[in-house]
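As a plain string of letters, each chain reads:
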Amino acid sequence: MSHWIIAPVLIPCLAGLLLLLEVRERHRLRRFTGLLSCAALLAVGVVLVNQAWDGAYTVYKLGNWEAPFGIVLVLDRFSALMVLLTAVLAFPALLYASCGDDRKGANFHGLFQFQLMGINGAFLTGDLFNLFVFFEVLLIASYGLALHGRGPARVKAGLHYVVLNLVGSGLFLIALGLIYGTTGTLNMADVAVKAQSLPAADTTLFSVALLLLWVVFGLKAALFPLYFWLPATYANATPAVAALFAIMTKVGIYAMVRVMALIVAPIPPIGQQALWWLGLITLGLACLGALGAKRLGTAVAYLVVMSVGTLIAAFSAGYGAALAPALYYLVHSTLICGALFLLAGLVARGRGEVGDRLVAGPAILGGGRLSLLFFVGAIAVIGLPPLSGFIGKVGLLRTVPEPIYWVLLLVAGLCGVIALSRAGSTLFWRTTGESAGLRPSRRRLFAVLWLLALSPAMALWGEAGLQWAEAVADQLRQPHGYVQAVLGGGAQ
């Protein structure tokens, strides 16, 4: 049995424990430990993608207990892709934070590692209760990271975030109780099997449980009407934390897609239809939010919400062909939004007290390089050729033949052009004097370049990327393989 599958959970867990035990605040040691952990996660992510690429499932039985009685971790193409995506995002984010932002809180590095542990565990677990556990791990860590750096605006946004997610956790437990009461199990594969033969009396309760799960996952993904916490929380977080949070909404989307792919019945039709319309509404309202943003960080946060609406509508449209371009767009949007959050941090540092507010201010130190990076990031996130956003959006337009989706997706691109054009012209052209800010350091610039460079790379190898996404989608369309791998002969 391969033990690599548990490494994405163990590595940040051990690193986080070591960082919490290091009480002397030796920042170089903390940074080295955190970066070494993230580098190891990156290497393990590559190994896991290679292991899952042939289509085989890897089931890791903790304590060697057979499913569905024991806890299992399951590696397939989808979970391997998400683990690698997390590692690719986490390393430059931590590198950026290690230039000084990490000094704003004593336990930043430990919380960062526990956040990675929770995220990776959520992607790999094959059990709904342990999905809840890993959700709580990543949420508890994110509470501390959201408040990292202090400040009244950050505290206010962080408290809203904490309260809403505590409510979500309560609903999650209620949903799990209903699922266990009707099926007698919380193993995802076993639930998928037993859901097919529920008596009529239990089907209604099971459907209610699934609808509650949609609410919980919708809250994590920032789906309308549960997305209002996200813009303020992300915009007020430190840049590295906001960049890492770009993967947080994708955890909710991942959980939703995983459950939808496995439990093909009896999903209530009203649930899938509601997801379609809520995704469209989220997309439309995010456009308005981006247009009305008064800070660059807020505009980028609404671009994250925009990507959520785009993806949820595509995943719930009922067209299997849309799955591959949606997965490609998921990877693209996560990386480019992470890059823009880091870039917004550089802009704020370069403008001094004005920060990233979209008002006339002093010239930015190193503004020429930052304006070029901003231009590349704006083209990528909007979806203009020749970068990866264009490939993803064209794929979605080709595979979701719904006029309302076409209109909203194109309008979203137009709103993105207007919002980012206004932001760029204000930040880089409407200058009122000499800069009072700080010149961007090489390490911070490298962190931004790391993520921005992946967009042209994804475009250059676009065909291979789409083939990879299609392979992931093909495995998701065949849930029996997942069930058979987990339950073996027990699958009916």
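The structure presented is a predicted model; accordingly, all values stated were derived computationally and were not measured.

### Some remarks on the environment of Val59
Then comes step 1: Within the secondary structure, Val59 sits in strand β1 (residues 58-61).
Then comes step 2: The spacing of Val59 and Trp4 is 55 residues in sequence and 11 Å in space, taken between C-alpha atoms.

### Structural notes on the side chain of Lys220
Then comes step 1: Looking at the element boundaries, Lys220 is found in helix α8 (residues 200-221).
Then comes step 2: An unpaired buried charge is present at Lys220: no salt bridge exists, and Glu136, the closest side chain of opposite charge, is 5.0 Å distant.
Then comes step 3: Contacts of Lys220, omitting those with residues within four sequence positions, involve Phe135, Leu139, Asn165, Ser169, Trp229, Met248, Thr249 and Gly252.

### Here's the deal with empty space enclosed by the protein
Then comes step 1: Using the criterion set out here, one finds four cavities of 30 Å³ or more in the structure.
Then comes step 2: Its volume calculated, the largest cavity comes out at about 100 Å³.
Then comes step 3: As for the largest cavity, its lining consists of 13 residues, and the residues nearest its centre are Leu303, Met306, Tyr329, Val381 and Lys393.
Then comes step 4: Elements with a contribution of two residues or more to the lining of the largest cavity: α13 (296-315), α14 (323-351), α15 (367-382) and α17 (403-428).
Then comes step 5: Looking at which element gives the most residues to the lining of the largest cavity, the answer is α14, with four residues.
Then comes step 6: A class-by-class count of the residues in the lining of the largest cavity yields seven nonpolar, five polar and one charged.
Then comes step 7: As for the second largest cavity, its lining consists of Phe135, Leu138, Leu139, Tyr161, Asn165, Lys220, Trp229, Tyr234, Met248 and Val251.

### What about helix α18 (residues 442-460)?
Then comes step 1: Over its 19 residues, α18 extends 26 Å from the first C-alpha to the last, a length consistent with the 27 Å expected when each residue adds 1.5 Å.
Then comes step 2: If you check which residues of α18 are buried, you get Arg444, Leu445, Ala447, Val448, Leu451, Leu452, Ser455, Met458 and Ala459.

Definitions and cut-offs
- Residues numbered from 1 in each chain as written.
- Predicted model: local features only at pLDDT ≥ 70, side-chain atom pairs only at ≥ 80, totals over all residues.
- Heavy atoms only, no water.
- Helix = DSSP H or I, 4+ residues; strand = E, 2+ residues; numbered from the N terminus.
- Buried < 20%, exposed > 50% of the residue type's maximum accessible area, 1.4 Å probe, protein only.
- Lys, Arg positive; Asp, Glu negative; His and termini not counted.
- Salt bridge = Lys/Arg side-chain N within 4 Å of Asp/Glu carboxyl O.
- Contact = heavy atoms within 4.5 Å.
- 1 Å grid on protein atoms, 1.4 Å probe; cavity = no way out; pocket = protein on both sides within 12 Å on 5 of 7 lines; lining within 4 Å.
- Points joined across faces, edges and corners; volume = space filled by probe spheres on them.
- Nonpolar A, V, L, I, M, F, W, Y, C, P; charged D, E, K, R; others polar.
- Expected span 1.5 Å × (residues − 1).

Keep in mind these values describe shape, not function.
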